[in-house]
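The lines below spell out each chain.
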Protein chains: 2
Amino acid sequence: MATIQDVAKLAGLSRTTVSRVINQHPYVTEEKKRLVSNAMQELNYVPNSSARRLRRQQTETIAVYVPRITNPFFSHLVEVMEKEAAKKGYQLILCQTRYKKEQERNFLELLKTKQVDGLILTSIENDWSKIEPYLAYGPIVVCNEYSDSAQVPLVFLDQIKGGYIGTKHLIEQGYTKLGYCTGDHKSSRVAHDRRIGFLKALNEAGLQMKDEWYFGGAYSVQDGKRTFEALKKLSDPPQALFTGSDEVAAGIVKAASDAGWKVPEDLAVIGFDNQPLAELMELTTIEQPIETIARQAMELMIESIKSKRTSVRKEVILPLKLIQRCST
Amino acid sequence: MATIQDVAKLAGLSRTTVSRVINQHPYVTEEKKRLVSNAMQELNYVPNSSARRLRRQQTETIAVYVPRITNPFFSHLVEVMEKEAAKKGYQLILCQTRYKKEQERNFLELLKTKQVDGLILTSIENDWSKIEPYLAYGPIVVCNEYSDSAQVPLVFLDQIKGGYIGTKHLIEQGYTKLGYCTGDHKSSRVAHDRRIGFLKALNEAGLQMKDEWYFGGAYSVQDGKRTFEALKKLSDPPQALFTGSDEVAAGIVKAASDAGWKVPEDLAVIGFDNQPLAELMELTTIEQPIETIARQAMELMIESIKSKRTSVRKEVILPLKLIQRCST
């Protein structure tokens, strides 16, 4: 394979000049640029990106962490981010934390070892105090999730309001026995805030919730089915369920229908996200503006890389919207 | 930030020795390793990965091309690939071609500019003759898609059989007017083979297909809905539709139900993939063994990187299975 020396020889220029052209150094004449470019083409010489990046001290690569890419909320988020990044000349490294603290810590090392220019976290598994030291190595943007102590740009949704408007809608439909179905994601501020919104609406209406109407560990369609099986066994089951996910809601509706229950007469269910699934299954849900979240997070990331400012807190809070269909 | 010189100074060793320890050079005493390691820790020195990679001539990064990550077939494929890659110390760069030739060619440059060690293509947009020259720069594995002329490892499914068993099933249910609904993906061998299987089953049963029973450009739930609107207007519509996707099939079933048609009595529909959606919507479909495809493709990729063999053709053909539900 051709080397930079070969290019210099063919162009009749010094190695230093060739290197300057490749690295877009100023003060190189157009004539020299042309000679180098011709020689590179003739020899099919390709500058090694690792070497180029080493000189520039940039990887032009951004890592995005998601819990799992098969959750349509996260695949949609990543789809838009990748599109935005590609437009601006950046690549996306995909990391799946699978809701595991250790997995997240492994991936944080990408920043420390300078394999990426920055990190976008769409979920947070570890305490922020464990993540913060990594800011010494490059910018982090938090998107979808939320942390009070994070001195970084955060793009998130008003999840208290999300929990509140969904629950208020159920109460307005006349349901008084309301259950709550969620993941067991203790570090998640999203889950925490939604629950606060749920309880707020309950309190305002003077409603009580039984402990047994709380269902945890639900992330997928299968978990939704399992949740219905548990609910079915209760002597006094809830009439309506608030869930944190369209997939979970769809699983509940499917299992309920299979068991001969009518939705919403015997059991009302509200999802979250407004995935294509929600429309197909006629689920009432809360719409999240995924494209806007993804675009804003990527913009803030690239801004942070370019400005080299890593520890500036900035909150972008986006609105949520109730979409009413047939499951409530 | 600390430099390699600082480490050398604190350890009381030469820069060369420190560099040897970092690059796991043989013939370095345990004592020197310990001294360097202690000094690195004390100074919080992190070797630059670009520099390390430059020396090793490896990026430990693999690029995966998908048309779009929001198609659940591809997000599932990528989920498993990322998991397998992470286990073996590789990162995954995600590229979305959005079914565009130019986009694919841009991404091929990642291999040429040595930003990745290898490429996995899950779809092929360009003629293979346009992709082949890039094999000079590193290994390519084709997965899901297929090309006759590609001298690379290929992991794919017997799509002729997929088209055949789906269509045969429809014929066995008593339908004689069969329609076909697909993407307009001219370079796709997958689409081509499925159609051959469809026509083979039709021929064996002595059935004819009207031109107007062919519906193109269908990839998403929305496209499925649009397809039903077109079908509804025909004076002699097909009784059953073979589709290449659960999303499209779900869109057709939803639009048909909304219009008061009974599925499968007024219109039978068969999907493809066996996505969670298919179970929720009670779709008959063809199951693809996604985990096996993804795992095998990643194994072949890492084998190719390690053996530095880039142009060996190897075919891994995996089976497909009919899953019967209520849409037929």
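Residue positions are given per chain, counted from 1 along the sequence in the order it is written. Think of it this way: whatever chain is written first is A, whatever ligand is written first is 1, and the rest follow in order. Totals for whole chains, interfaces and linings use every residue, but because this is a predicted model, local features are given only for residues with pLDDT of at least 70 and side-chain atom pairs only at 80 or more, for both listing and counting. To get the side-chain values, take all heavy atoms of the structure and skip hydrogens and water.

**Thoughts on the interface of chain A and chain B**
Turning to step 1, where the next piece is worked out: Contacts between the two partners involve 49 residues from chain A, matched on the other side by 48 residues from chain B.
Turning to step 2, where the next piece is worked out: Both sides of the chain A and chain B interface together cover about 4,200 Å² of buried area, and 56% of this is carbon and sulfur.
Turning to step 3, where the next piece is worked out: By definition, a salt bridge exists where a carboxyl oxygen of Asp or Glu is found within 4 Å of a side-chain nitrogen of Lys or Arg. Between the two partners, chain A and chain B, sit six salt bridges.
Turning to step 4, where the next piece is worked out: With a shortest N-O distance of 2.3 Å, A:Lys225 and B:Glu279 are connected by a salt bridge.
Turning to step 5, where the next piece is worked out: Each helix is a run of DSSP H or I of at least 4 residues and each strand a run of E of at least 2, with the numbering of both proceeding from the N terminus. Going through the elements one at a time, helix 4 (49-56), helix 5 (72-87), strand 2 (91-96), helix 6 (101-112), helix 10 (221-232), helix 11 (246-258) and helix 12 (276-280) of chain A are the ones with two or more residues in the side of chain A that touches chain B.
Turning to step 6, where the next piece is worked out: Taken together, the residues that form the side of chain A that touches chain B break down as 20 nonpolar, 15 polar and 14 charged.
Turning to step 7, where the next piece is worked out: Across three bridges, strand 2 of chain A lies against strand 2 (residues 91-96) of chain B in antiparallel orientation. Counterpart to A:Ile93 in the pairing with strand 2 of chain B is B:Ile93. The criterion used for residue contact is that any of the two residues' heavy atoms lie within 4.5 Å. Buried area adds together the accessible area that both of two parts lose upon being put together, with accessible area traced by a 1.4 Å probe. In the scheme used here, Gly and all other residues not listed as nonpolar or charged are polar, with Ala, Val, Leu, Ile, Met, Phe, Trp, Tyr, Cys and Pro taken as nonpolar and Asp, Glu, Lys and Arg as charged. Two strands qualify as a pair provided DSSP detects at least 2 bridges between them.

**Focus: the sheet that holds strand 11 (residues 314-318) of chain B**
Turning to step 1, where the next piece is worked out: The sheet built from twelve strands is open, its strands ordered 11(A)-5(A)-4(A)-3(A)-1(A)-2(A)-2(B)-1(B)-3(B)-4(B)-5(B)-11(B) with mixed pairing. Every other strand in the sheet has two partners, leaving strand 11 (314-318) of chain A together with strand 11 of chain B as the edge strands with one partner each. In this sheet, adjacent strand axes meet at a mean angle of 20° when their direction is disregarded.
Turning to step 2, where the next piece is worked out: Here strand 1 (residues 61-66) of chain B pairs with strand 3 (residues 118-121) of chain B via four bridges, running parallel. Within the sheet, the bridge partner assigned to B:Tyr65 lies in strand 3 of chain B and is B:Leu121.
Turning to step 3, where the next piece is worked out: Angles here are taken between N-to-C directions and fall from 0 to 180 degrees, while the axes themselves are lines fitted to C-alpha atoms, restricted in helices to the stretch in contact. Helix-sheet contacts for helix 5 (residues 72-87) of chain B involve strand 2 of chain A together with strand 1, strand 2, strand 3 and strand 4 (140-143) of chain B, and the interaxial angle to strand 2 of chain A is about 80°.

**Here we look at the packing of helix 1 (residues 4-11) of chain B against helix 2 (residues 15-22) of chain B**
Residues and elements named next belong to chain B.
Turning to step 1, where the next piece is worked out: It is at 9 Å that the axes of helix 1 and helix 2 come closest, and there the two elements cross at 105°. It follows from the interaxial angle that helix 1 and helix 2 lie roughly perpendicular. Where helix 1 abuts helix 2, its residues Ile4, Gln5, Val7 and Ala8 lie against Arg15, Val18, Ser19 and Ile22.
Turning to step 2, where the next piece is worked out: Of the residues contributing to the contact of helix 1 with helix 2, the split by class is five nonpolar, two polar and one charged. Angle categories are assigned with fixed cut-offs, so that under 35 degrees is roughly parallel, over 145 is roughly antiparallel, 65 to 115 is roughly perpendicular, and the rest are oblique.

**What to know about unusual backbone geometry**
Turning to step 1, where the next piece is worked out: A:Val263 connects to A:Pro264 through a cis peptide bond whose omega is 10°.
Turning to step 2, where the next piece is worked out: Mapped onto the elements of the fold, A:Pro264 is located in the loop between helix 11 and strand 9 (268-270).
Turning to step 3, where the next piece is worked out: The phi torsion at B:Asp273 lies on the positive side, around 120°, for a residue other than glycine.
Turning to step 4, where the next piece is worked out: In this fold, B:Asp273 is placed in the loop between strand 9 (268-270) and helix 12 (276-280).
Turning to step 5, where the next piece is worked out: Exposure classes here rest on a 1.4 Å probe applied to the protein chains alone. A residue is buried below 20% of its type maximum, exposed above 50%, and partly exposed in between. According to the relative accessible area criterion, B:Asp273 is buried, its value standing at 7%.
Turning to step 6, where the next piece is worked out: The phi dihedral of B:Glu282 is positive, around 60°, even though this residue is not glycine.
Turning to step 7, where the next piece is worked out: Relative to the elements of secondary structure, B:Glu282 occurs in the loop between helix 12 and strand 10 (285-287).
Turning to step 8, where the next piece is worked out: Given the relative accessible area of 26%, B:Glu282 is considered partly exposed.

**Some thoughts on the relation of the copies chain A and chain B**
Turning to step 1, where the next piece is worked out: Copies overlap after least-squares fitting; the atoms used are the C-alpha atoms of residues with pLDDT of at least 70 in both. Overlaying chain A with chain B gives an RMSD of 0.2 Å, the required rotation being 180° about an axis along which the chain moves by 0.1 Å. The two molecules are tied by a two-fold rotation axis, judged by turn and shift. If distances are taken from each C-alpha of chain A to the rotation axis, the shortest is found for A:Ile93, at 2.2 Å.
Turning to step 2, where the next piece is worked out: Mapped onto chain B, 98% of the interface residues of chain A are again interface residues, and the two copies thus contact each other with one and the same surface.

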